[in-house]
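Tertiary structure, described
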Amino acid sequence: MPRLSEVIAALENLWPAERAESWDAVGTVVGDPGQQVTRVLFAVDPVQEIVDEAVKLGADLLVTHHPLFLRGTTTVAASTFKGRVVHTLIKNDIALHVAHTNADTADPGVSDALAGALDLRVVRPLVPDATDPAGRRGLGRVCELDHPLTVRELADRAAARLPATAQGIRVAGDPEAVVRTIAVSGGAGDSLFDAVRAAGADAFLTADLRHHPASEAVAHSGLALLDAAHWATEWPWCELAAAQLDEISDRHGWDLRVHVSSTVTDPWTAHAASSTTDDSLGAPN
């Protein structure tokens, strides 16, 4: 069985910490480098529910996309939510490793996994990494569909292929517009509208779209927007990352047991649809 330090070295090779944004907090949060690793669990969020799942599974290592501590803290007291996570991990000899923006821009990365879930063909990064001479790393992806779809059909595909959430898929723009080229970006993506327009995409699928940026993006051009739940757009990366570690384990003869959590940690738990029809949309009289 490999030691934690060996597994972390392999993960750092996939997602080097130096490729994370300067504001990010990636890498190993807790864990003894000398401890042996037999089971690994991948998840999006390092929340108590996921940590409890890792305990029940008997995992030695939890790998998450989102950081536990994105900003500084002065306490890990068990009376706090994040402190309790730390206590549970240490008491059960479970290490925690984070790959966030360094996994977003990786090749393959978070947006490749999102494109794969929707059967899209990746053409190039949406925002290329200037340090990659091959031009494969970067934020987001520009993709082509196997055949043209309407925005409505594309939204239906996304709703069917991505993990189910209370939000589902919101659409801005003409539902009957035809889409041939689509940009995708896992996680919050409304800072990327200029790049999406420059790419000539017909549609943009991402998450966490805010009112004003979305309104301006639609008014600026015929771009259609598909807004999914943040967690749902990043969960496919867990399956991709687990497959990458499986391949490394086989190559090194480690015999790791690698798992992906299917626990929904999207914070939104219910959705009440407006009781209107298409011809009565609007504010009440």
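Before reading further, recall that the structure is shown in the block above.
None of these values were measured; they are calculated from a predicted model.

A word on the overall build of the protein
- The helix and strand inventory of the protein stands at nine helices and 11 strands.
- Taken over the C-alpha trace, the protein has a radius of gyration of 20 Å; the compact-globule value for 285 residues is 19 Å, and the two agree within 12%.
- Dimensions along the principal axes, computed over C-alpha positions, put the protein at roughly 60 × 50 × 30 Å.
- Residue pairs in contact within the protein that sit at least 24 positions apart in sequence constitute 66% of those at least 6 positions apart.
- Looking at the protein as shown, the accessible area adds up to about 14000 Å², and 50% of this sits on carbon and sulfur atoms.
- Distance between charge centroids for the protein: 2 Å, based on 22 positive and 39 negative side chains.

Thoughts on the side chain of Ser185
- Summarising the element assignment, Ser185 is placed in strand β8 (residues 178–188).
- The residues contacting Ser185, other than those within four sequence positions of it, are Ser111, Leu114, Gly140, Leu192, Phe204, Leu205, Thr206 and Ala207.

Here we look at the sheet that holds strand β7 (residues 170–172)
- Reading across from one edge, β5-β6-β8-β9-β10-β7 is the order of the six strands in this open sheet, with mixed pairing throughout. Taken across any chain shown, the strands that pair with only one partner, and hence form the sheet edges, are β5 (121–128) and β7. On average, adjacent strands in this sheet sit at an angle of 25° to one another, irrespective of strand direction.
- Pairing of β7 with strand β10 (residues 224–228), which is carried by three bridges, proceeds in the antiparallel orientation. Paired with Arg170 across the bridge in β10 is Asp227.
- Sitting on the sheet, helix α6 (residues 151–161) touches β6 (138–150), β7, β8, β9 (203–207) and β10, and the angle it makes with β6 is about 115°.

Things to note about helix α2 (residues 48–57)
- Those residues of α2 not exposed but buried are Gln48, Ile50, Val51 and Ala54. Taken down its axis, α2 places every buried residue within 160° of arc, on the same side.
- Looking one or two places after α2, you find Gly58, whose phi comes out positive at around 80°.

Focus on the environment of Leu154
- Along the polypeptide, Leu154 turns up in helix α6.
- As a C-alpha pair, Leu154 and Leu205 span 51 residues in sequence and 9.6 Å in three-dimensional space.
- Residues contacting Leu154, with those up to four places away along its chain left out, are Leu145, Leu149, Val179, Ile182, Ala203 and Leu226.

What to know about the state of the cysteines
- One pass over the structure, following the stated rule, counts zero disulfides.
- The cysteine Cys143 is free of any disulfide, with Cys238 supplying the nearest cysteine sulfur at 19 Å.

A few points about the pairing of strand β4 (residues 95–98)
- Side chains of β4 alternate between two faces, with Ala95 and His97 and Leu96 and Val98 buried alike.
- One ladder, built from three bridges, connects strand β1 (residues 27–30) with β4; its direction is antiparallel. Each residue of the ladder has a partner; that of Thr28, found in β4, is His97.
- Summarising the sheet, strand β3 (residues 61–64) and β4 pair through four bridges and their orientation is parallel. Pairing of Thr64 across the sheet is with Val98, part of β4.
- What joins β3 to β4 is helix α3 (residues 81–91), and the crossover it makes is right-handed.

What about the sheet that holds β1?
- Taken together, five strands build an open sheet; the order of strands is β1-β4-β3-β2-β11 and the sheet is mixed. A strand with exactly one partner marks an edge of an open sheet, and here the two such strands are β1 and β11 (257–260). Ignoring which end each strand starts from, the neighbouring axes of this sheet average 25° apart.
- Along the sheet, helix α9 (residues 230–252) contacts β2 (39–43), β3 and β11; its crossing angle with β11, the most-contacted strand, is approximately 175°.

What to know about α9
- With 23 residues, α9 ought to run about 33 Å at 1.5 Å a step, and its terminal C-alpha atoms sit 34 Å apart, in line with that.
- Phi turns positive, to about 70°, at Gly253, one or two residues after α9.

Overview of unusual backbone geometry
- Cis geometry is adopted by the peptide bond preceding Pro108, which originates at Asp107 and carries an omega value of 0°.
- Within the element layout of this structure, Pro108 appears in the loop between α4 (101–104) and α5 (110–117).
- The residue Asp93 is not glycine, and still its phi comes out positive at about 55°.
- In this structure, Asp93 sits in the loop between α3 and β4.
- Assessed through its relative accessible area of 55%, Asp93 is described here as exposed.

Analysis parameters
Residues numbered from 1 in each chain as written. Predicted model: local features only at pLDDT ≥ 70, side-chain atom pairs only at ≥ 80, totals over all residues. Heavy atoms only, no water. Helix = DSSP H or I, 4+ residues; strand = E, 2+ residues; numbered from the N terminus. Rg over C-alpha atoms; globule rule 2.2 N^0.38 Å. Contact = heavy atoms within 4.5 Å. Areas by Shrake-Rupley, 256 points an atom, 1.4 Å probe, with all protein chains shown as cover. Lys, Arg positive; Asp, Glu negative; His and termini not counted. Charge placed at Lys NZ, Arg CZ, Asp CG, Glu CD. Pairing = 2+ DSSP bridges. Axes fitted to C-alpha atoms, helices over the stretch in contact; angles between N-to-C directions. Buried < 20%, exposed > 50% of the residue type's maximum accessible area, 1.4 Å probe, protein only. Arc of directions from axis to C-beta. Disulfide = S-S within 2.5 Å. Right-handed = clockwise from strand over helix to strand, strands pointing away. Expected span 1.5 Å × (residues − 1).

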